[in-house]
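# Observations on the three-dimensional arrangement
The lines below spell out each chain.
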Amino acid sequence: MNTTQLITEIKKKKSFLCIGLDVDLNKIPQHLLKEEDPIFAFNKAIIDATHHLCVSYKPNTAFYEAYGLKGWKALEKTIKYLNENHPDIFTIADAKRGDIGNTSTMYAKAFFEDLAFDSVTVAPYMGKDSVEPFLAFENKHTILLALTSNQGAFDFQTKIVEGKELYKKVLETSKTWKNAHNLMYVVGATKAEYLADIRNIIPDSFLLVPGVGAQGGNLQDVCKYGMTDNVGLLINSSRGIIYASNEEDFAQVAAEKAKELQQEMQLILSK
């Protein structure tokens, strides 16, 4: 899916919601544990209930890798289900990969070719040659960690380096990389006050914004400082939607929570 198609879906659904599929077997409804593949059963129910309210799903791969082969199989079944039944949905492999060139190429093949995700999150710490192998894939997007929502972000990302915050240097440098038009960026919702400066550097790029909901981020503030003429935002909510209930009505309650965010987004888009 290219950016134009994503923008079309945002306008059609009046939503820029991304739902995180971070499946913890200790948190899903107990009746699902009787299923042959409880992780996929949970994901399928969430997708079936919410696909009309969001434009993106973001499985965090750690929640699948933690369960070994059966977890990876569940991830594979989830992305296949999305691609076959909802090809209009933008899919994000939240894998936070990043390594030297040959290794990054293999990571990119795993997520873009084998699993057929539209995008993957990548850490920029190793620089250009660790990111450009991802950017080489046509109509695929690399979502670069820029300014994250966790407390540890202040350890490095906001430190002053040669008179400028490090995250700003990452943004500016990334614009010079080959196929930089395939870049998107992660900016945490809890860092909304930084968005004006970020937009001065990358005025048109899409931002994946986690942290709305359970982590305390505010949607209105994010949109005030981060929205572009083409929206330019994917607002992620994970726990606040998928774990809103652990009873048999979990998918219905998840849809209700997703609907609340979608309606708030619709109001913002109508202004």
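Higher on the page you've got the structure.
Residues numbered from 1 in each chain as written. Predicted model: local features only at pLDDT ≥ 70, side-chain atom pairs only at ≥ 80, totals over all residues. Heavy atoms only, no water.

## Description of the overall build of the protein chain
Convention followed: Helix and strand definitions follow DSSP, with helices as H or I runs of at least four residues and strands as E runs of at least two, each counted in order from the N terminus. Accessible area is worked out with a 1.4 Å probe on protein chains only. A residue is then buried under 20% of its type maximum, exposed over 50%, and partly exposed in between. To measure how exposed things are, a 1.4 Å probe is used in the Shrake-Rupley method; for residues, cover is taken only from the protein chains shown. Here Asp and Glu are counted as negative and Lys and Arg as positive; His is not counted, and neither are the chain ends. By convention, the charge on Lys lies at NZ, on Arg at CZ, on Asp at CG and on Glu at CD.
Secondary structure summary: the protein chain contains twelve helices and ten strands in total. With the C-alpha coordinates of the protein chain rotated into their principal frame, the extents come out at 55 × 45 × 35 Å. Split into buried and exposed, the 271 residues of the protein chain put 54% on the buried side. With an accessible surface of roughly 12300 Å², the protein chain has 49% of that area assigned to carbon and sulfur atoms. For the protein chain, the distance from the average position of its 30 positive side-chain charges to the average position of its 34 negative side-chain charges is 3 Å.

## Concerning the packing of helix α2 (residues 38-50) against helix α12 (residues 250-270)
Put simply, the rule is: Every axis corresponds to a line fitted to the C-alpha atoms, with the helix fit spanning only the stretch in contact, and the corresponding angles, defined between N-to-C directions, vary from 0 to 180 degrees. Note that the term roughly parallel is reserved for angles under 35 degrees, roughly antiparallel for angles over 145, roughly perpendicular for angles of 65 to 115, and oblique for everything else. For a crossing to be left-handed, the near helix must be turned anticlockwise from the far one by less than a right angle; the clockwise case is right-handed. Note on contacts: a residue pair qualifies if any of its non-hydrogen atoms lie within 4.5 Å across the two residues. Following the grouping adopted for this structure description, the nonpolar residues are Ala, Val, Leu, Ile, Met, Phe, Trp, Tyr, Cys and Pro, the charged ones are Asp, Glu, Lys and Arg, and the polar ones are all others, Gly among them.
Between α2 and α12, whose axes approach to 8 Å, the crossing angle comes to 45 degrees. By the angle between their directions, the pair α2 and α12 is classed as oblique. Seen along the crossing, α2 lies across α12 with a hand that is right-handed. Counted together, F42, A45, I46, A49 and T50 of α2 and F250, A251, A254, A255 and A258 of α12 form the full contact between these two elements. Its residues assigned to classes, the contact of α2 with α12 comprises nine nonpolar, one polar and no charged.

## Overview of the nonpolar core
Put simply, the test is: Here, the term nonpolar core denotes a set of buried Ala, Val, Leu, Ile, Met, Phe, Trp, Tyr and Cys residues that are joined through side-chain atoms within 4.5 Å.
The biggest cluster of nonpolar side chains holds 90 residues, and the ones touching the most others in it are L6, F16, I19, F42, I198, L233 and I235. Residue contributions to this core peak at eight residues, all from α12. Every residue in contact with I19, bar those within four places of it in the chain, is listed here: T50, C54, S56, Y57, K58, N236, S237, I241, I242 and A258.

## Concerning a negative patch on the surface
Rule in force here: Residues qualify for a patch when their relative accessible area is over 30% and they have no salt bridge, like charges being joined within 9 Å and the nonpolar side chains of Val, Leu, Ile, Met, Phe, Trp and Tyr within 5 Å. For salt bridges, the criterion is a side-chain nitrogen of Lys or Arg within 4 Å of an Asp or Glu carboxyl oxygen.
Taken together, the side chains of E247, E248, D249, E256 and E260 present a region of like negative charge at the surface. Mapped onto the elements of the fold, E247 is located in the loop between α11 (239-242) and α12.

## Observations regarding the environment of N179
On the secondary structure map, N179 appears in the loop between α8 (166-174) and β8 (183-187). In contact with N179, not counting residues within four places along its chain, are L135 and A136.

## Some thoughts on the packing of aromatic side chains
We count it as follows: The pairing test for Phe, Tyr and Trp rings, Trp by its six-membered ring, is centres within 6.5 Å, and the orientation test on the planes gives stacked under 30 degrees, edge-to-face over 60, and tilted for anything in between.
On inspection of all chains with the given rule, the structure shows seven aromatic pairs. When the ring of F42 is compared with that of F250, the centres are 5.3 Å apart and the planes differ by 10 degrees; the resulting orientation is stacked. Pair noted here: F42 is in helix α2 and F250 is in helix α12, with a separation of 208 residues, a long-range link. Per residue, the accessibility class of F42 equals that of F250, and both read buried. Taken together, a centroid distance of 6.4 Å and an interplanar angle of 65 degrees make the contact between F111 and F117 edge-to-face. A connected cluster of aromatic rings, assembled from ring pairs, spans F42, Y243 and F250.

## Points about the pattern of salt bridges
Scanning the entire structure with this criterion turns up 13 salt bridges. Taking the shortest distance from any N to any O, the salt bridge between E65 and R97 comes out at 3.1 Å. Residue E65 is located in helix α3 (residues 62-65), and its partner R97 is located in strand β3 (residues 90-97); the two are separated by 32 residues in the primary sequence. Judged by relative accessible area, E65 falls into the partly exposed class, the value being 36%. You can call R97 buried: its relative accessible area is 13%. Two residues, E113 and K109, come together in a salt bridge whose shortest N-O distance is 3.7 Å.

## Considerations on helix α5 (residues 101-114)
Defined as follows: Residue count minus one, scaled by 1.5 Å, sets the expected span of a helix.
Compared with an ideal rise of 1.5 Å per residue, which puts 14 residues at 20 Å, α5 spans 19 Å between its outermost C-alpha atoms and is within 8% of the ideal. Within α5, burial applies to S104, A108, F111 and F112. The elements touched by buried residues of α5 are α4 (68-85), β3, β4 (119-122), α6 (128-135) and β5 (141-147). At the exit of α5 stands A116, carrying a positive phi of roughly 60 degrees.

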